[in-house]
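This is what each chain is made of:
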Amino acid sequence: MPSRTSRASASPLFVPRKPDRRTARAAREQFAAARDKARHATRPTSLATAPGLDPDLRATYPPAGRPGPASTRGGKLKLPAHRMTTAVAAGAYPFLAEGGLGAQGIYVGRDVHAEAAFTYDPFALYGKLDGFTNPNILLAGVIGMGKSALAKSLALRAVAFGYRIYVPCDPKGEWTAVARELSGQTIALGPGLPGRLNPLDAPAKPSGVNEEDWASEVRKRRLLLLGSLAKTVLRRDLHPMEHTALDVALDQVVTRAQATGTTPLLGQIAHVLGSPERLDGALGELSGRLGQAAEDLAHALRRLVHGDLAGMFDAPSSVVFDPSAAMLSIDLSRLGGAGDDTALVLAMTCASAWMESALADPTAGRRWVIYDEAWRVMRHVALLERMQSQWKLSRGLGIANMMIIHRLSDLLTAGDAGSRGRALAEGLLTDCSTRIIYRQEADQLAASAALLGLTGIETQAVSALTKGRGLWKVAGRSFITQHLLHLRERELFDTDYHMAH
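Moving on, we come to the overall build of the chain. Summing up its helical and strand segments, the chain has 20 helices and 11 strands in all. For the chain, long-range pairs separated by at least 24 residues make up 72% of all intrachain contacts whose partners lie at least 6 apart in sequence. Total accessible area on the chain stands at roughly 26,300 Å², and carbon and sulfur atoms take up 55% of it.

What follows concerns the side chain of Asn198. Tracing the sequence through the fold places Asn198 in the loop between strand E5 (185-188) and helix H7 (211-234). Excluding residues that lie within four positions of it along the chain, Asn198 makes contacts with Thr263, Pro264, Leu265, Phe313, Ala315, Pro316, Ser317 and Trp354.

Let's shift gears to the environment of Asp314. Structurally, Asp314 is set in the loop between helix H12 (295-306) and strand E6 (327-331). Along the sequence, Asp314 and Gly267 sit 47 residues apart, while their C-alpha atoms lie 5.5 Å from each other. Among residues more than four places away in sequence, those in contact with Asp314 are Leu265, Gly267, Leu304 and Val305.

So, on to the pattern of salt bridges. Considering all chains together, one arrives at 13 salt bridges under this definition. A salt bridge links Lys220 to Glu217, with the nearest nitrogen and oxygen atoms 3.3 Å apart. Taken as a pair, Lys220 and Glu217 lie in helix H7 at a separation of 3 residues, close to a single helical turn. Of the residues examined, Glu217 reaches a relative accessible area of 22% and is grouped as partly exposed. Between Glu217 and Arg221 there is a salt bridge, and its shortest N-O distance comes to 3.0 Å. Taken as a pair, Glu217 and Arg221 lie in helix H7 at a separation of 4 residues, close to a single helical turn. A network of salt bridges, in which partner residues are shared, links Glu181, Arg488 and Glu491.

This part takes up helix H18 (residues 456-463). Taken as a whole, H18 has its buried residues at Glu458, Thr459 and Val462. Down the axis of H18, the buried side of the element spans an arc of 100°, and every buried residue falls inside it. Opposite the packed face of H18, turned more than 90 degrees from it, sit the exposed residues Gly456, Ile457 and Gln460.

Attention shifts here to the packing of H7 against helix H8 (residues 240-260). At their nearest, the axes of H7 and H8 sit 11 Å apart, and the two run at 125° to each other. Taken together, the axes of H7 and H8 lie oblique to each other. As for the relative orientation of H7 and H8, their crossing is right-handed in sense. Here Arg219, Arg222, Leu223, Leu226 and Gly227 of H7 come into contact with H8, specifically with Leu246, Asp247, Leu250, Asp251 and Val254. Broken down by class, the residue content of the contact of H7 with H8 amounts to 5 nonpolar, 1 polar and 4 charged.

By size, the foremost hydrophobic cluster in this structure holds 84 residues, and its most contacted members are Ile269, Leu273, Leu279, Leu332 and Met403. The element contributing the most residues to this core is helix H13 (residues 342-358), with 11 residues. Discounting residues that sit within four places of it in the chain, Leu332 has contacts with Cys169, Asp170, Pro171, Leu189, Leu344, Ala347 and Met348. Residues Ala151, Leu154, Ala179 and Trp472 belong to the second largest nonpolar core, which totals 41 residues.

With that settled, the discussion passes to the sheet that holds E6. Taken in spatial order, the 11 strands make up an open sheet running E2-E1-E11-E10-E9-E3-E8-E7-E4-E6-E5, and their pairing is mixed. Bordering the open sheet on either side are strand E2 (116-120) and E5, each of which pairs with just one other strand. Each strand of the sheet is rotated relative to its neighbour by a mean of 25°, with strand direction disregarded. Along the sheet, helix H5 (residues 147-158) contacts strand E1 (106-111), strand E3 (137-140), strand E4 (164-170), strand E7 (367-371), strand E8 (399-405), strand E9 (434-437), strand E10 (469-474) and strand E11 (477-483); its crossing angle with E1, the most-contacted strand, is approximately 135°.

Before going further, it helps to examine the side chain of Thr481. The residue Thr481 is located in strand E11 in this model. Other than its neighbours up to four places away in sequence, Thr481 contacts Val108, Arg110, Val112, Phe118, Gly468, Arg469, Gly470 and Trp472.

Taken across its 5 residues, E6 has 5 buried, putting it largely inside the fold. Of the two faces of E6, both are covered, the one formed by Met327, Ser329 and Asp331 as well as the one formed by Leu328 and Ile330. Pairing of E4 with E6, which is carried by 4 bridges, proceeds in the parallel orientation. Bridged to Ile165 within E6 is Met327.

Moving on, we get to helix H16 (residues 420-430). Of the positions making up H16, those classed as buried are Gly421, Arg422, Leu424, Ala425, Gly427, Leu428 and Leu429. Buried-residue contacts for H16 involve E3, helix H14 (381-392), E8, E9 and helix H17 (445-452). The N-cap residue of H16 is Ser419: its side-chain oxygen and the backbone nitrogen of Arg422 are 3.3 Å apart.

Attention now moves to the pairing of E9. Because side chains alternate across E9, one face comprises the buried residues Thr434 and Ile436, and the other comprises Arg435 and Ile437, equally buried. When E3 meets E9, the two strands line up parallel, connected through 4 bridges. Within the sheet, the bridge partner assigned to Leu139 lies in E9 and is Ile436. Examined bridge by bridge, E9 and E10 share 4 bridges and lie antiparallel to one another.

Thresholds applied
Residues numbered from 1 in each chain as written. Predicted model: local features only at pLDDT ≥ 70, side-chain atom pairs only at ≥ 80, totals over all residues. Heavy atoms only, no water. Helix = DSSP H or I, 4+ residues; strand = E, 2+ residues; numbered from the N terminus. Contact = heavy atoms within 4.5 Å. Areas by Shrake-Rupley, 256 points an atom, 1.4 Å probe, with all protein chains shown as cover. Salt bridge = Lys/Arg side-chain N within 4 Å of Asp/Glu carboxyl O. Buried < 20%, exposed > 50% of the residue type's maximum accessible area, 1.4 Å probe, protein only. Arc of directions from axis to C-beta. Axes fitted to C-alpha atoms, helices over the stretch in contact; angles between N-to-C directions. Parallel < 35°, antiparallel > 145°, perpendicular 65-115°, else oblique. Left-handed = near helix turned anticlockwise from the far one by under 90°. Nonpolar A, V, L, I, M, F, W, Y, C, P; charged D, E, K, R; others polar. Core = buried A, V, L, I, M, F, W, Y, C linked by side-chain atoms within 4.5 Å. Pairing = 2+ DSSP bridges. Polar contact = N/O pair within 3.5 Å; in protein donor to acceptor, adjacent residues only side chain to side chain.

See below:
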């Protein structure tokens, strides 16, 4: 039996050896009560439960997180170092975005994935970015997605970098406001308008080129122009004797122009082609074969002299090309309103030739040449040949060519597979290191993916692009970019602005 002293000093939780049931039950109840009291005593007093709530539903930790050293705050968390290659990192962390093209260049907008500013400058990227072999640009997108606003915005902002802008064909007259804003020049051509352009104007001789070589280059350009005009009207390639007739007619007209101190005109070329005796006399052809072979040529060029384009390209130029102007556009909105766009294509050919002759000086600085509504030229092989020549000369002349179309399938309208037109159109695409694709319709996705080599993810992205957002493929690298417009830019050239205001 325990002594009186031991019983007085014993704890109420003391369980003697072999207690009875009532004593053991009471001890367990006291232990449970003490445990619950200790548990509630460790909880913060600020977490009092609102009246009527179950105490077991109270939060374990305060909103600031678990208190004490176990919270892992304060930089005490240490993880072992891990090394991997960038190739492994790209697969292990696919959520990482592209690093962009750098900060040098024209501000375009926001890189959607990287959530950073996106800038672009074809001249700054050339020679610095692997695979970037030329400054030419393809811009495609359905109507209303903002591709025209992007082109005009790039042109407007490029002037701040010292570049000059040239638009050899503006079928809708939309670039006039941009040229006016930049204190540039716009030449409007059409029936009843005073504007005149002589596509046979000889450009100024660049420094370092001798007279004989430059005369040969000018002759080659004039022959290319005459052949392009004839092919467009005749809708076929020229026969060998027709090429000879053009050579002879051009030489005769140029010789007479040099003797009188004037410039050769298209009307004079058409007159010689329509004079069989002059053609045959130049080559000593007594049988009259050359004059007979040139009959179709004479009628083809007659359209530029006496047809619906009379007065626009068969007279001396009424304007002078100003190489110091920030921007020059040629407004052809008065032409091509009917279903037949042959007149517009002929005007594009002449206007492009006139402007290209002024751009031939490689020391004139860096320039952008923008071909708006370029889908119109895809059905005309002669124009495609001229554009291909301009594309090939882009690096030597310091020119960034931009071709604007609606759909990638427009390139397929140039001809059947294996044809000359299809090869030229696909060649233009190949010679564009930058491809900007705005949203395409569902039935155009397959053609777009095939022509551009899009991945499945990129094809899905193109089908879901919203207004002002495009897929930029620059030398094999891909970006989803949201184009951002200044309010003044929106007023100038956003075609939807006036619909909503």
